[in-house]
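Coordinates in review
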Amino acid sequence: MICLSVFKRRMFIRTVLVIVLILFGVFLVFIGKQHIVVFANEEVYQDGKIFPALTKVRIKIGEETFELEPGDRVSVEVVGLKNAFLIETLADGVVDKSITFPLSLKLERMVIISLPLVVAGSSNVTITE
Amino acid sequence: MSDSNIVLQVCGLCKDFYGNTVLEDINFELKRGEIIGLVGENGAGKSTLMNILFGMPIIRNTGGYGGKIIIEGEEVHFFNPVDAINNGIGMVHQEFFLIPNFTATENILLNREITRYNPLVEVFGDRFQLLDRPAMRRRAEEAIRALGVDINPDTLVSEMPVSYKQFTEIAREIDRTQMKILILDEPTAVLTESEAETLLETLKRLSAKGIGIIFISHRLQEILDICNRIIVLRDGRLIKDIPTSEADVRSIASWMVGREVEESSKDVRKKPKLTEGEVILSVRNLQVDMPGEKVKNVSFDVFKGEIFGIGGLAGQGKLGIPNGIMGLFPSRGTVLLNDKQIKLNDPLSSLQSGLSFISEDRRGVGLLLDESIALNIVFTAMQVQKQFVKKFLGGFIKWRDEEEIYRYARDYIKRLDIRCIGPDQKVIELSGGNQQKVCVARVLTTSPNILFASEPTRGIDIGAKQLVLNVLKEFNENCGTTIIVTSSELLELRSICHRVAIVNEGEIADILPANAPLEDFGLLMLGNVGNRGGSN
Amino acid sequence: MKGRSLKGFILSNIVPIIFLVFAALAIPISGLSYRYLFQEIITRLSRDTFLVLALLVPVLAGMGLNFGMVLGAMAGQIGLMLAVDWGVVGIPGLLVAALIGTPISVLLGFLCGYIMNKAKGREMVTSYILGFFMNGAYQFVVLYCMGGIFPIKSPQLLLSRGYGVRNALSLAGIRGALDSLVSMEIHGLSIPVATFIVILAFCLFLILFEKTKLGQDMRAVGQDMVVADGAGIPVERTRIVAIIISTILACYGQIIFLQNIGTINTYNSHEQTGIFAIAALLVGGATASKANIVNVFVGVLLFHLMFVISPTAGKNLIGDAQLGEYFRVFVSYGIIAIALLLHALERRRVRIARMKMENESVV
Amino acid sequence: MCSFGQIGKVIERFGWPRLIIAFFLVALFASAPLVNVRIDTSLSDVLVRVGMNGILVLAMVPMIQSGCGLNFGLPLGIIAGLVGAVTSMNFSLQGFVGFFAAILIAIPIAAILGYFYGWLLNLTKGDEMMIATYVGFSSVAFMCMMWLLLPYHNPLMLWGFGGSGLRTTISLQAFWLQILDKFLSFHIGNYFFFPTGSLVFFAVVCFVMWAFFRTTTGTAMMAAGSNPQFARANGVDVDRMRMLSVVMSTILGAIGMIVYEQSYGFIQLYMGPFYMAFPAVAAVLLGGASVNKATITNVVLGTLLFQGILTMTPSVINSLLKTDMSEVIRIVVSNGMILYALTRKEQVKKR
């Protein structure tokens, strides 16, 4: 390190430290952010097509599992950037399709995931209300 | 320019406070390894000289000083004591400058602790360095060994005997490697004989190491024992600067106290010496615990109608006598006023038995600064003798008689020529001289049998000085009030008093008539009771 | 006086001994089970110790009991409010609150230190009144600026009128974040180890701090300001740094305290912390001029023991729980009054002794 | 036009905060009509409150004058007042008899409490204010226990008619409610109400205090506060003066509390009087008193200013800004004043 006068060196170290702390704060907010994820099993309209609600579907996220009838909604609190949930569509008691869907959330407070779109594999699965 | 071994040069130094000069054209040199003895009466300018050398803020706040101070050939200006320390001047104060619950090591290395680096320092600054206690202990031991005394570096200062405290403070000064000049302000005043001996040995050892020492003391014998040269200050002027070999106790005393011009006869009190006559006040083995002015054992008699003077150097206990008799400080002994015993330690009973007191601490004890002149003048009379009071309900309610008070105050303002706007002006707005006149008025209102006046003329302008002295003399002549004046200005005492007692180390050295030779007073003040002539 | 006599020991620790005796008598009367008491003491030790630690530095620097620590508590609460508003939970939430609280505490600490310097000799009462004054400013900020000028989004934080923070805020996301991080069960007693680790860490910091030059300067300033100034120590700056450190620690202490309780009552939880922390320190045998870490732990233990027992003891003794409640309040204020009295008498005795010592030295 | 120097001197003597608050109050009164707040009702509100709080503020003067500092231990006097009032109500004494009985019972209790409190303050010269605060708090907390235990049997006052322990607030309806305020009071128009009784009572007590400080003991007390060394040297027993001033302050606190309650209408027990010292201290400081000097004019001016602000802020500010800021303003103003006084250096002795 070029040896600046002691005072300049100290000031440099202190400004660096302050910046690091601020970044650390922002990082904390990201990883600590709590989001509310709402799973909606409703009929939805996207790019001209209509996707009907799924007759029976089971969601498994973290340790919680839910079963949704058409038109049901369930909300789950999730923490952090990276989460994933398992979605299984059932036909009279038998699992016919199961997808693990990665959820990447930034700072959104709440996001609504439309299950029919997920099953249909469309790119944009979040709906806004 | 100057040869290498002159460490301190003082040229043409002068200083004045609000117009009256305190130091005038002081020139002297201090060589490396030389010990100078600085001697002078109180108020001769010794402490002002020390304050200048040590860069005390009081000097800068009162307009700085004239002349030059040169250390090792180059002129220096001190902004504050830390500057002086960095330039190599160390000072041992009379009252200890130590932290009681710190160990000797911590005191010696105060604010110069040896520390070890740690990373936190980069973020939080140098003061986060960790103390290296073993290294500090070693360095403290070194400094103490250099003094030739054995103090355990881990003892708390509060548990140390007095002499060890003194040595700790000196150790702190010499631990400063850049220390070239050491100033000691009456260090032996608080030490016993043997402790003083060791101190003098230490000073000799330090001077041998090349440190220049300025040693201030009233014990002339000590000065003669260890100093190479003696400087005598009087009234702010440097009277004598001679090697020790050419001086002895008697000559130093006369230089200290004597006046070149043969003082004119009018100065000395011509009134016949009152040796007979009725004794109004007799004091037997009075002891007074007044901090800094301790009275060990004093006995004297005062005749009725006499002006009795009490002189002596500061700190010897002369102020203790009036404060003790007035009951302001814990005291023991017997005091008879017209053969009636006075209860000590009770200011009210002293006041009621006809004593009154002008305190030496005018602003601290002598005045109610936020109150009006009128109230200040009548306060004691009203409290003690219930004057200026309108009684209601048979004396149960004692009401202040405002008109009477104002009339009386106006009369005294005219009589003592107190320059003010009116009787209800606040005393804090008056000049020193006028404030003292208010004190005098307060005391005269109680028309006392005996009036104690402590340092009546200290810190007031010449005009007011003369007026206060005249009022006291006039009051003594007209009403026959016995006055006991305590003052450190010998000249003034001799001009106003019939007899003057000199107090030294808490006891009365002797009582001399006012017209006794000046040197005798000087020698008494310096505690050389033995070798002097003159009768009681 | 190396081997201190038993009498000397008792005299100087009179207050903790009184509380010990009181506890010994009241426990059987209150009839609470030992398990319940132990569990209660452990949680309270983890919750309150940090706040009491914050008081040590100003005592070291000779500024007495820092009644202005309430300012630190306010900073901590503001930090927590923002963390809850941004929806950050768990340990990150606590750290974000601390990060927000630190600059605020530094500012408030500087202000408090500066004002205390202007009122030398009357530091404690000045910091006490400053605590009230800042409480007014805090209410102004929280009740009127939050939501309006100051962006607060989440509705459950705000009052129905759209701005100003609600009185009681639930810290659901943060509750117990630190306590349950590493918690152990020893035959039925759950011990929040993480919190104790944080507390021990800061105890180490304080012990280390006393060994630094800054710590030594503070001790010097605390003992005798004039001598310290004469030696060139920047007295004013040292005192302000002492108060800043105390305010920051109080901010972290309040965050730890609230994450254990789980809810903030925005307008008075910070006031109580100041009083109870000081009472606890004094119960531990500390005085306004001498306090160490042992006083902190002993004080928190005994004070909260009394706090837990007295309502039930009151009920069993006189059949009125309310009496025990008031007894608790009386003891906490009474202990501070007694401790201040002992401190004042001690200062007077030292002053007289010093004067006498000067007299003897002149003999 | 007075020169700028004179204005400087006035500001310096009057002190910045007092000026700010005085202008603030004038502004409030000026803007009252804009928000259709009737000036005359506010004026009579202020007058009622001055009568109500005046004596509590006056209770500050003796201790400040004698050098004991600001009387944060006022709750001790207040407790004596409460006990007096409750005991007189216990014997269900009505009207003036009840009122004066309350005062007569309260005075001896206040004297005893004051004696103990004074002895305590004499022991702790220099740290009085902090000790006073906490002696006040702990005595209020102690009384909370006493209210439960003291043997009062008038059903009106007890919990649930006949339970044990006193209620937290007891209505004075049946006893001596507004007995002073209504005495010789008159209305101008149907809005302006002038509480002659309480203002006259306040004026009488002020006169007695003014007269006391004209007597020799009063002057001695003032000297003990202004310069204790001077007082001691002139035969004044400083400790006795301090003790006397504390007893007087406590007695005035008791009387002041009873006057406060008769106008307020309820007796607040338990934690009621906990924080009552601070507004009184702030008021006397607002009037121009310092930590060691206070006069009767400081009390009257301070109470007027302080109560003026407390009455005007809720009505005017609320309608102006549509929010209830009065609580915040009260805290900021009263504690700001005390803080200002505490950070003033002791009058630095000029020259």
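Quick look at the structure, then. (Residues numbered from 1 in each chain as written. Chains lettered and ligands numbered in written order. Predicted model: local features only at pLDDT ≥ 70, side-chain atom pairs only at ≥ 80, totals over all residues. Heavy atoms only, no water.)

**Looking at the overall build of chain C**
The criterion, for reference: By the criteria applied, helices consist of DSSP H or I runs no shorter than four residues and strands consist of E runs no shorter than two, each listed in order from the N terminus. Throughout, the radius of gyration refers to the C-alpha atoms, and the reference size of a globule is 2.2 Å times the residue count to the power 0.38. Using a 1.4 Å probe on the protein chains alone, a residue whose accessible area is under 20% of its type maximum counts as buried, one over 50% counts as exposed, and one in between counts as partly exposed. When checking whether two residues touch, look at their non-hydrogen atoms; a contact exists if any pair is within 4.5 Å. Note on areas: Shrake-Rupley, 1.4 Å probe, and residue coverage restricted to the protein chains presented here. Neither His nor the chain termini are counted; the positive set is Lys and Arg, and the negative set is Asp and Glu. Charge coordinates come from a single atom per side chain, which is NZ of Lys, CZ of Arg, CG of Asp or CD of Glu.
In terms of regular secondary structure, chain C is built from 14 helices and four strands. For chain C, whose C-alpha radius of gyration is 22 Å, the value lies close to the compact-globule estimate of 21 Å for 363 residues. When each of the 363 residues of chain C is scored for burial, the buried share is 58%. The long-range share in chain C, meaning contacts at least 24 apart out of those at least 6 apart in sequence, stands at 74%. Put simply, chain C shows about 14,500 Å² of open surface, and 71% of that area lies on carbon and sulfur atoms. Chain C carries 27 positive and 17 negative side-chain charges, and their two centres are separated by 2 Å.

**Comments concerning the pattern of salt bridges**
Worth spelling out the cut-off: Throughout this description, the term salt bridge denotes a Lys or Arg side-chain nitrogen within 4 Å of a carboxyl oxygen of Asp or Glu.
According to the stated counting rule, one finds 47 salt bridges over all chains in the structure shown. A salt bridge links R214(D) to E402(B); the shortest N-O distance between them is 3.9 Å. Of this pair, R214(D) sits in the loop between helix 9 (196-212) and helix 10 (216-226) while E402(B) sits in helix 15 (residues 402-415), on two different chains. Given the relative accessible area of 21%, R214(D) is considered partly exposed. Under the relative-accessibility criterion, E402(B) is labelled partly exposed at 24%. Between R47(C) and D48(C) there is a salt bridge; the shortest N-O distance is 3.6 Å. Residue R47(C) shares its accessibility class with D48(C), and that shared class is buried. Salt bridges linked by common partners bring K56(A), R58(A), E67(A), E69(A) and E88(A) together as one network.

**Some thoughts on a nonpolar patch on the surface**
All names here are of chain C. Quick note on the threshold: Patch membership requires more than 30% relative accessible area and the absence of a salt bridge. Residues of like charge join within 9 Å; the nonpolar side chains Val, Leu, Ile, Met, Phe, Trp and Tyr join within 5 Å.
A cluster of nonpolar side chains, contributed by L6, F9, I10, I14, I18, I338, L342 and L345, occupies part of the molecular surface with about 690 Å² of accessible area. At the level of secondary structure, the elements contributing two or more residues to the nonpolar patch comprise helix 1 (6-12), helix 2 (14-30) and helix 14 (321-362). Turning to its location among the elements, L6 is positioned in helix 1.

**Observations concerning the interface of chain D and chain B**
Here is the rule we go by: When two components associate, each loses some accessible surface as probed by a 1.4 Å sphere; the sum of these losses over both components is called the buried area. Pairing of N or O atoms within 3.5 Å defines a polar contact, subject to two protein rules: one partner must be a possible hydrogen donor and the other a possible acceptor, and residues neighboring in sequence count only if both atoms are side-chain atoms. For this classification, Asp, Glu, Lys and Arg are treated as charged, while Ala, Val, Leu, Ile, Met, Phe, Trp, Tyr, Cys and Pro are nonpolar and the rest, including Gly, are polar.
Counting residues at the interface gives 24 residues for chain D and 32 residues for chain B. Counting the surface lost from both chain D and chain B, the interface buries some 2,500 Å², and carbon and sulfur atoms represent 58% of this. The tally of links from chain D across to chain B stands at two salt bridges. The shortest N-O distance in the salt bridge between E371(B) and K293(D) comes to 3.2 Å. Where chain D touches chain B, the interface holds eleven residue pairs in polar contact (both at pLDDT 80 or more). For the side of chain D that touches chain B, the secondary-structure elements that each account for two or more residues are helix 9, helix 10 and helix 11 (228-233) of chain D. A per-element tally of the side of chain D that touches chain B places helix 10 of chain D first, with six residues. For the side of chain D that touches chain B, the residue count by class is ten nonpolar, eight polar and six charged.

**So, the sheet that holds strand 11 (residues 229-234) of chain B**
All names here are of chain B. So the rule is basically this: Two strands pair if DSSP finds at least two bridges between them. Helix axes are fitted only over the stretch in contact, all axes being lines through C-alpha atoms; the angle between N-to-C directions runs from 0 to 180 degrees.
Taken together, the six strands give an open sheet; going across it, the order is 6-9-10-3-11-12, and neighbouring strands pair in mixed fashion. Lying at the two open borders of the sheet, with one neighbouring strand each, are strand 6 (89-92) and strand 12 (237-243). Adjacent strand axes in the sheet meet at a mean angle of 20° when their direction is disregarded.

**What to know about unusual backbone geometry**
Even without a glycine there, the phi angle at N111(B) is positive, about 65°. Summarising the element assignment, N111(B) is placed in the loop between helix 4 (104-108) and strand 7 (115-116). Here Y270(D), not a glycine, exhibits a phi torsion of approximately 50°, which is positive. When you line up the elements, Y270(D) lands in the loop between strand 4 (266-268) and helix 13 (277-286).

**Things to note about the sheet that holds strand 4 (residues 57-61) of chain A**
Remark on secondary structure: sheet strands pair via backbone hydrogen bonds, oriented parallel or antiparallel. Residues and elements named next belong to chain A. Read from one edge of the open sheet, four strands run 5-4-7-8, paired in antiparallel fashion. Edge positions in the sheet fall to strand 5 (64-68) and strand 8 (94-104), since each has one partner strand and no second. Geometrically, the sheet is characterised by an average inter-axis angle of 20° between neighbouring strands, direction not taken into account. Relative to strand 7 (residues 82-91), strand 4 runs antiparallel, the two being bridged by five bridges. By the bridge assignment for strand 7, I61 is matched with F85.

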